[in-house]
Amino acid sequence: MDTFLSALAIVSRWDVIAALLAGSVGGVIIGAIPGVGPAVAIAILLPATFGMEPIVGLTLLLGIYGSALFGGSIPSILINTPGTPVNALTTYDGFPMTKQGQAPRALGLSFGASFFGGIFAVIALVLLSPVLARVAPMFGSREIFLAAFLGCVLVVVAHRGQSLAAGALLMFGLFLNTIGMEANNYTRRFTFELNFLDQGVNLIVVVLGLFAVSQAFVLLVGKDDMEAAPEIKGNVLGGVLEVFRHKRVAAAGSLSGTIMGIIPGVGEFTSQFLSYSYARATSKNPGLFGKGSPEGLIASETANNSVPPAAMVPLLALGIPGEALTAMMLSVFYVHNVIPGPTLFRDHMDFVMALYICLALLNILALAFLLVATRPLLKVLVIPNRFLGMMILTLSFVGIYSLRNSAIDCMLAAAFGLLGVVLKRLNLPLVPIILGMVLGGIMENKFRTSLPRIRSLYSWIDRPVAMVIFCLICIVLALHLWGLWRDWKGKRDGSVEH
Amino acid sequence: MSDDKAHDLSDLTHPPHHRAEIVFAVASFVVALLLAALWSTETQWIDGQPWSRQPGLWPLIAILGMLVFGTGELIACLIRNLRHGGGDVRAELMLWLRVGEYVLWFMAYVLVTPRLGYLPTTLIFTTLLAFRLGYRRRILWLAPLMGLLIVVAFKSFLAVRIPGGEAYDLLPQGLRNFLVLYL
């Protein structure tokens, strides 16, 4: 109870409340603008949050992360263009409903489902906390090394059809992390006699380059093909309440999102895929899926919105980010010398609890904002894409230059921006590079600190948690290989169904 | 954008292939080869230290990984290009080259800011870029306004660390101090 009261005291501070409001409202607006998305916004805001206290900075970033998915459904439903990449599935059923004259119902269903998913995941987090507080201290260096390795394996296998490219990009990220002065022997690694590389390649510069600068470039070389949204006539609230008539689908979607969010490297796409497939398989109207099914919309939105709170589990409990956005948030912890991981739950439970409360409040604020402001919000859809690109480029400069006032950082970010353009144009994933950099650093560090206790190869897995993680790695790899074999066999037999 | 297309969950799990992926696959493989060739000169091998503690171990793991996955990606890409279509490679390369212009715009913005100051450079940059993009009338006026809002939000309110421009030194002391601190 004391912990809860202490957490409430943290949340009731004016700066935390301001971050809550700015994060939830700003996130919804950012999500509603196709072409921006939470990754771009978080990358740009990241350096600005370094001057804030961790709880304030994290609340702001979490607000943008969670609320952007609420807002992202608006253009998905109204103009068939996902506001954020993870809202792509929402277009399948949302836009057909708009064409059938049911836009307010579709928007209400999506907002209600997002809210349901978000709150479900927060409740799951609260319930999991005592377990996490017990399990997290069982993670020593070996276990964290293996968990980070599991994260790497999952990043590769989660990109079905692109595993090889994802693996190469993950390894490139791992390589980027090794550039610079090596901390233990004070030797240079791949600095090419360039002094600025002694400090290594800054993660924030890479993040800003890959996500923000590249998005600005993509928009600038594109066309201004914005589309005005149709007018919304009718009640959105009815759709919100309708979600509770589909409790089974909503709960299954939220559960899928929560589980997939907790597992590093998996994320929204897999959770949506599972949730949507389950909803279609168990529906009384499976033929309606893809043509305006309320269940399809609920399955998609609950699954994606339950991921952000769940993604905080590996970050807070083990210090291992599961995807790019939590990797960015990790730097907020590091800047303030707060190391997320097993000790966080033991020593700063009030901080963890305050984050949970903020996550719940963010969902409430985002829903309330959308219920009153959806109509005026539609105006952001007519911002020309190239103007938006110019805005992102101007904002990216603040993020990069304010780090160290270095023109070289900006040059590096521009180079990563170019790389990001190529990857985006080719539909190749950016996330493995970021996770490679972060997980690579964790793995190298934990590998070294584990060595004094390692007598043989078996010593790596001779403790229960390490053994469990090792078994998980083997299972994931076996399942992936089995899936590949099945795909290959299917193709050979010519019986692959699309 | 508002098209009617058959929806298929495989769009989510298997993004469409583009033929230009071969350019990326070859380039990344060549980079991996170059890094592998440079490994012995760009890292040090410390005598008497076990292999597990050598500073070159983790770069080696990363480069070997890049080579292994890169080779696989290259082969897979060649096979996909033989079997399927998926876009014009030359048109795609031209688009990548067009990005170069905006890289120059961005670098010009970066290099001029310490001389002229954050606010003046941002106003000039946004106006000129908007003009270059073909915007006229209302949007051309909105561009510097957007620049002003960004400067005020980040430098004045969030107090991000962007130093004042050299040109500010030419102004009266009071105004100079204000501009250095807030704009």
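See the structure shown above.
Quantities reported herein were computed from a predicted structural model and do not represent experimental measurements.

Conventions used here
Residues numbered from 1 in each chain as written. Chains lettered and ligands numbered in written order. Predicted model: local features only at pLDDT ≥ 70, side-chain atom pairs only at ≥ 80, totals over all residues. Heavy atoms only, no water. Helix = DSSP H or I, 4+ residues; strand = E, 2+ residues; numbered from the N terminus. Expected span 1.5 Å × (residues − 1). Buried < 20%, exposed > 50% of the residue type's maximum accessible area, 1.4 Å probe, protein only. Polar contact = N/O pair within 3.5 Å; in protein donor to acceptor, adjacent residues only side chain to side chain. Contact = heavy atoms within 4.5 Å. Buried area = accessible area lost by both parts, 1.4 Å probe. Salt bridge = Lys/Arg side-chain N within 4 Å of Asp/Glu carboxyl O. Nonpolar A, V, L, I, M, F, W, Y, C, P; charged D, E, K, R; others polar. Patch = residues over 30% accessible without salt bridge, like charges linked within 9 Å, V, L, I, M, F, W, Y side chains within 5 Å. Areas by Shrake-Rupley, 256 points an atom, 1.4 Å probe, with all protein chains shown as cover.

**Student:** Sorry if this is basic, but what is going on with helix H19 (residues 407-425) of chain A here?
**Tutor:** Two residues of an α-helix separated by three or four positions point the same way, owing to the 3.6 residues in each turn. All names here are of chain A. Spanning 19 residues, H19 covers 27 Å between terminal C-alpha atoms, matching the ideal 27 Å at 1.5 Å per step. Turning to H19, its buried residues are Asp409, Cys410, Ala413, Ala414, Phe416, Gly417, Leu419, Gly420, Val421, Val422 and Leu423. The opening residue of H19, the one whose side-chain oxygen lies 3.1 Å from the backbone nitrogen of Ile408, is Ser406. Just past H19, the residue Asn427 takes up positive phi, approximately 60°.

**Student:** What's the story with the interface of chain A and chain B in this structure? I'm lost.
**Tutor:** It is common to report an interface's size as the accessible area lost on association of the parts. Between chain A and chain B, the contact holds 86 residues from the first and 77 residues from the second. Carbon and sulfur atoms make up 74% of the area that chain A and chain B hide from each other, which totals about 7400 Å². Ionic pairing is found between Arg425(A) and Glu92(B), a salt bridge with its closest N-O pair at 2.9 Å. With 13 residues, helix H18 (residues 385-404) of chain A is the single largest residue contributor to the side of chain A that touches chain B. The residue inventory of the side of chain A that touches chain B, partitioned by class, reads 54 nonpolar, 18 polar and 14 charged.

**Student:** How do you make sense of the environment of Leu274(A) when you look at a structure like this?
**Tutor:** Residue and element names in this part refer to chain A. One can find Leu274 in helix H12 (residues 268-282). Overall, Leu274 belongs to the partly exposed group, its relative accessible area being 40%. Taking the C-alpha atoms as reference points, Leu274 and Leu21, 253 residues apart in sequence, are found 32 Å from one another. Apart from residues lying up to four places away in sequence, Leu274 is in contact with Ser256 and Met260.

**Student:** Would you explain a nonpolar patch on the surface in this entry?
**Tutor:** A cluster of nonpolar side chains, namely Val468(A), Leu472(A), Ile475(A), Leu479(A), Trp482(A), Trp485(A) and Trp488(A), defines an oily patch on the protein surface of about 770 Å² accessible area. With respect to the helices and strands, the residue Trp488(A) is situated in helix H21 (residues 464-493).

**Student:** Just checking my understanding: could you explain the pattern of salt bridges for this structure?
**Tutor:** Side chains that differ in charge, positive against negative, can pair when their charged atoms come close. All names here are of chain A. In total, this model carries 16 salt bridges over all chains according to the counting rule given. Residue Arg13 is joined to Asp15 by a salt bridge in which the shortest nitrogen-to-oxygen separation is 2.9 Å. Residue Arg13 is classed as partly exposed on the basis of its relative accessible area of 27%. Judged by relative accessible area, which is 19%, Asp15 ranks as buried. Where salt bridges share partners, they join Arg13, Asp15 and Glu53 into one cluster.

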